[in-house]
Every structure is written in C-alpha cells, then in structure tokens.
Amino acid sequence: MTSLTTPLPRRRFLAGAASLSALTLAGCSSMSTPAPQTPALPQLDPFYVNMYRGVQDGEFYVPAVDLRYVDSTYYRRVVPDPTGERPGTIYVDTANYYLYLVQEDGQAMRYGVGLGREGFGWSGRGTIQFKRQWPTWTPPSAMIERQPELEEWRNGQPGGLDNPLGARALYIFQNGRDTLYRIHGTPEPWTIGTNVSSGCVRLMNQDIMDLYSRVATGNTLIVA
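Everything numeric here is computed off the predicted structure, so don't read it as measured data.

Cut-offs applied
For every chain, the first residue of the written sequence is number 1, and numbering continues from 1 onward in sequence order. Only residues with pLDDT of 70 or above have their local features reported here, since the model is predicted, and side-chain atom pairs are shown and tallied only from 80 upward, although totals for entire chains, interfaces and linings are computed over all residues. Heavy atoms from the whole structure form the basis of all side-chain values; hydrogens and water molecules are not counted. Strands here are runs of E lasting at least two residues and helices are runs of H or I lasting at least four, both read from the DSSP assignment and numbered beginning at the N terminus. A simple rule labels every residue: compare its accessible area, found with a 1.4 Å probe on the protein chains alone, to the largest value its type can have, and call it buried under 20%, exposed over 50%, or partly exposed in between. Contact definition: two residues touch when any of their heavy atoms are within 4.5 Å. Using a 1.4 Å probe, the Shrake-Rupley method yields the accessible areas, and only the shown protein chains count as cover for residues. As a per-residue measure, pLDDT reflects the predictor's confidence and takes values from 0 up to 100. Joining through side-chain atoms within 4.5 Å is the link that ties buried Ala, Val, Leu, Ile, Met, Phe, Trp, Tyr and Cys residues into a set, and such a set is a nonpolar core. In this scheme Phe, Tyr and Trp rings, the latter by its six-membered ring, pair at centre separations within 6.5 Å, and the angle between planes marks the pair as stacked below 30 degrees, edge-to-face above 60, and tilted otherwise. Cation placement over rings: the criterion is NZ of Lys or CZ of Arg within 6 Å of the ring centroid and within 35° of the ring normal.

1. A word on the overall build of the protein chain
And then number 1: Tallying secondary structure elements over the protein chain gives 5 helices and 12 strands in all.
And then number 2: Taking all 224 residues of the protein chain together, 51% fall into the buried category.
And then number 3: Put simply, of all contacts in the protein chain between residues at least 6 apart along the chain, 70% involve residues at least 24 apart.
And then number 4: About 10600 Å² of surface is accessible on the protein chain, with carbon and sulfur atoms providing 51% of the total.

2. Some thoughts on the confidence of the model for the protein chain
And then number 1: For the protein chain, the average pLDDT comes to 85, and 80% of its residues sit at 70 or higher.
And then number 2: Low pLDDT (under 50) marks residues 1–6, which in the prediction has 13 contacts with non-local residues, meaning those over four places away or in another chain.
And then number 3: Below pLDDT 50 for its whole length, residues 10–26 participates in 33 contacts with residues either more than four positions away or in separate chains.

3. Some points on the nonpolar core
And then number 1: Among the nonpolar cores identified, the biggest contains 45 residues, and Ile-90, Leu-99, Ile-183, Val-201, Leu-203 and Leu-211 are the most heavily contacted of them.
And then number 2: Among residues more than four places away in sequence, those in contact with Ile-183 are Ile-90, Leu-99, Arg-168, Ala-169, Leu-170, Val-201, Leu-203, Ile-208, Leu-211 and Leu-221.
And then number 3: Counting residues in each nonpolar core, the second largest holds 7 residues, with Ile-144, Leu-150, Ala-169 and Tyr-171 among its members.

4. Details of helix α5 (residues 205–214)
And then number 1: Summarising burial for α5: 8 of the 10 residues are buried, a large majority.
And then number 2: Taken as a whole, α5 has its buried residues at Asn-205, Gln-206, Asp-207, Ile-208, Met-209, Asp-210, Leu-211 and Tyr-212.

5. Notes on the packing of aromatic side chains
And then number 1: If you walk through the whole model with that rule in mind, you get 9 aromatic pairs.
And then number 2: Clustering of aromatic rings is evident, with ring pairs tying together Phe-47, Tyr-48, Tyr-52 and Tyr-75.
And then number 3: Looking at Arg-110, its charged tip hangs above the ring of Tyr-98, at a distance of 4.1 Å from the centre.
And then number 4: In this structure, Arg-168 is placed above the aromatic ring of Tyr-212, and the distance from its NZ or CZ to the ring centre is 5.2 Å.

Encoded structure:
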C-alpha cells in the first residue's frame, strides 16, 4: 500500500505513437460484471451512507451505493497528497486502485477505482479535453464483431442507468489526439479495487459525479 506521506514512484511516461497505439484498440469497452454473492451486512458509518445515498440527477435517479460490496479504503476522502503534482492534476495510482485529485495546501481528494485491461495497461500524461454528463457510449467495431448484439449501438448508446459509462465521463487527449481513454462512472460497486474484464478507469457513480464537479477541461491527467 502506498504511503500517504511518501511521494509515489514515477514510471517513465509513454508518449507518442507507442502509448496511443495501445489506446486506439481500447475504446473503453466497459461491459457489465456480475455481482458477487451478497455479503453480510456490516456496521456502516452513517457519514459514508449519506455520502453514497441515492440522488436525483436530472431525469435519472442514481441509486444508493450498496457499501457492503466496497472495501472502506476505497471510500472518497481527503488525504495528504502523495503525488507532489500541481493542484488540479488527476493522478491515477494503478498499483493501489486510487485516483487522486490534487488540491491546495498539500491535500488531495482520493477515490477508489476499478481498472480494466485498457485502464491498467498504459501509463502517461494527458489532458481532459472535454467532459460529459450521462455520456453516450459507442462500442468499437471490433467489439461489435465479437458481440453482434451490440450492433444497435454502433452509432452510440444514449446516456442512462444501463449505459457502461455511467453518470459522467472525462475524455482524455494526448498530443492533441483522442486516446479513447475515459474516466467514467459505474453502477457496479463490487468492481472498485479490482481489475474488471474491460474498460478504462471506473468510479462509483456518486464519486464520478463529485470528481466531475471539481475538474475543469484542460486539467492534466497522469496515469502511473
């Protein structure tokens, strides 16, 4: 587990065609992951129960997170910044399944994340080119070939509760090109802190909504 007071180790960042070539195959092809057997009901902290309560968000009602499926270490919280990056930077620590949003005064907002093959297999620096509420998901052509039932979404699946990108998405560009790398929401809390079958970096819907509200286009993303 990474110390909260020791700077995180830095990989040499991949750049140019090498990092982009891996990403172009990805497309954030998030697919649903079956829920595990329902765990026993633990004693839950009311603070976090309230944090992850159900909320109305425009035309959609986002259900409460069932915290029985989430290790408490992945709950959203303010921690000492371990990254040493400038405020506003998003830093994804793939080794420990954390996303940090660097804040002022040596602090960071830390979120638990789930990582798919595409979210785990590269490191680098990019920029948040734009962000979307209830984003459209477009499966890559290669994925449609493997799963013909997705043909109806070739031109995009509208945002909604069953959309693989969840309630919000941040779109990452590198050197002016779309990496097809996304930070997005999920209604599957049991995938936080794990490597899921596919997808980029996923947060619980309540967490991606919080992150979305704190991040501006042009902010830096670092994946290490």
